[in-house]
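The primary structure of each chain is shown beneath.
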Amino acid sequence: MSDSHEQPRDTARSSEHSQAEDEAERRKRSGESAAHARIANQASWVDQQVRVAMTKGEFDDLPGAGKPIADLGTEHDPDWWIKRLVEREQIAVLPPSVALRKEDAELDDRLDTLAFEGDVRRELEDFNERVIRARYSLSPGPPLVTMPRDVDAALDAWRERRTARLDAQRAALAAARPAPRRRWWQRRRG
């Protein structure tokens, strides 16, 4: 009876041992052990690279060296990145009435950059549509005092400004052009 109990234990030990060997062999062939070793040593490798860079002086004279870290110690703001973007790009968020007033003041200059009458008409109609929409909506901020533009009158003014600009450019080109030189056979003797 004792032989029958020992035989299954030996078989179980040998099967566990063979499974462990098989697993080790599988890892060896698949390279899992090498990858595991690389990952385990990666932190020390990074530390070594940082130490080498420090001895070479690659961290000297970095921007902000010796200065306190900005916003350190302030409370956490989940919108910090939006605020920094607004500061960096100098984005102004204005109430609709003020934004339309500002756009109205700059509209003629923007129209002067357009070359075709159809584009100018589309720009004016878009502006008028936004002004009318803002008039009928409740919005925060000061009241809307900007009026829609008369499209035909604005087009006439744009044509006059364009003609004046083209005349000024032609005059500048004519003034910059040197006088034609007379050829030797065209010169007068005198």
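Here, the structure is the one placed above.
Criteria and thresholds
Residues numbered from 1 in each chain as written. Predicted model: local features only at pLDDT ≥ 70, side-chain atom pairs only at ≥ 80, totals over all residues. Heavy atoms only, no water. Helix = DSSP H or I, 4+ residues; strand = E, 2+ residues; numbered from the N terminus. Buried < 20%, exposed > 50% of the residue type's maximum accessible area, 1.4 Å probe, protein only. Contact = heavy atoms within 4.5 Å. Areas by Shrake-Rupley, 256 points an atom, 1.4 Å probe, with all protein chains shown as cover. Core = buried A, V, L, I, M, F, W, Y, C linked by side-chain atoms within 4.5 Å. Axes fitted to C-alpha atoms, helices over the stretch in contact; angles between N-to-C directions. Parallel < 35°, antiparallel > 145°, perpendicular 65-115°, else oblique. Nonpolar A, V, L, I, M, F, W, Y, C, P; charged D, E, K, R; others polar. 1 Å grid on protein atoms, 1.4 Å probe; cavity = no way out; pocket = protein on both sides within 12 Å on 5 of 7 lines; lining within 4 Å. Points joined across faces, edges and corners; volume = space filled by probe spheres on them. Left-handed = near helix turned anticlockwise from the far one by under 90°. Salt bridge = Lys/Arg side-chain N within 4 Å of Asp/Glu carboxyl O.

Draft legend 1. Representation of the overall build of the protein chain in the model. If you tally the helices and strands in the protein chain, you get 6 helices and 0 strands. Tracing the protein chain from N to C terminus, the helices and strands come up as α-α-α-α-α-α. Here the protein chain holds 190 residues, and 10% of them are scored as buried. In the protein chain, of all internal contacts separated by at least 6 residues, the share reaching a separation of at least 24 is 57%. A total of about 16,600 Å² of accessible surface is found on the protein chain, and carbon and sulfur atoms cover 55% of it.

Draft legend 2. Spotlight on the nonpolar core. Among the nonpolar cores identified, the biggest contains 13 residues, and L100, L111, V120 and L124 are the most heavily contacted of them. Contributions of two or more residues to this core are made by α4 (96-112), α5 (117-135) and α6 (151-176). Broken down by element, this core gets its largest block of residues, 5 residues, from α5. Discounting residues that sit within four places of it in the chain, V120 has contacts with L111, L114, L155 and W158.

Draft legend 3. Here's a closer look at the packing of α4 against α5. It is the contact of α4 with α5, at a shortest axis distance of 11 Å, that shows an interaxial angle of 175°. By the criterion of interaxial angle, the relationship of α4 to α5 is roughly antiparallel. The segment α4 lies against α5, with L100, E103, D104, L107, R110 and L111 engaging V120, E123, L124, F127, R130, V131 and A134. Residues that form the contact of α4 with α5 fall into these classes: 8 nonpolar, no polar and 5 charged.

Draft legend 4. Quick look at the layout of surface pockets. The computed volume of the largest pocket comes to approximately 210 Å³. Considering the residues around the largest pocket, the lining is formed by A70, D71, T74, E75, D77, W80, K83, R84 and E87. Of the residues belonging to the lining of the largest pocket, the class tally is 2 nonpolar, 1 polar and 6 charged.

Draft legend 5. Examining the packing of α4 against α6 more closely. Put simply, α4 and α6 touch, their axes get as near as 10 Å, and they point 55° apart. As summarised for this structure, α4 and α6 are arranged oblique, according to the angle between their axes. Crossing of α4 over α6 shows right-handed handedness. Residues D108, L111 and D112 of α4 lie in contact with α6, whose contacting residues are W158, R161 and R165.

Draft legend 6. Structural view of the pattern of salt bridges. For the structure on display, the rule yields 16 salt bridges. Close ionic contact of R159 with E117 constitutes a salt bridge, the shortest N to O distance being 2.7 Å. Residue R159 is located in helix α6, and its partner E117 is located in helix α5; the two are separated by 42 residues in the primary sequence. For R159, a relative accessible area of 30% translates into the label partly exposed. A salt bridge links D126 to R130, with the nearest nitrogen and oxygen atoms 3.2 Å apart. Taken together, the residues span about one helical turn, with D126 and R130 both in helix α5 at a distance of 4 residues. Classification of R130 as partly exposed rests on a relative accessible area of 24%. What emerges from the salt-bridge pattern is a single network uniting D104, D108, D112, R149, R161 and R165.

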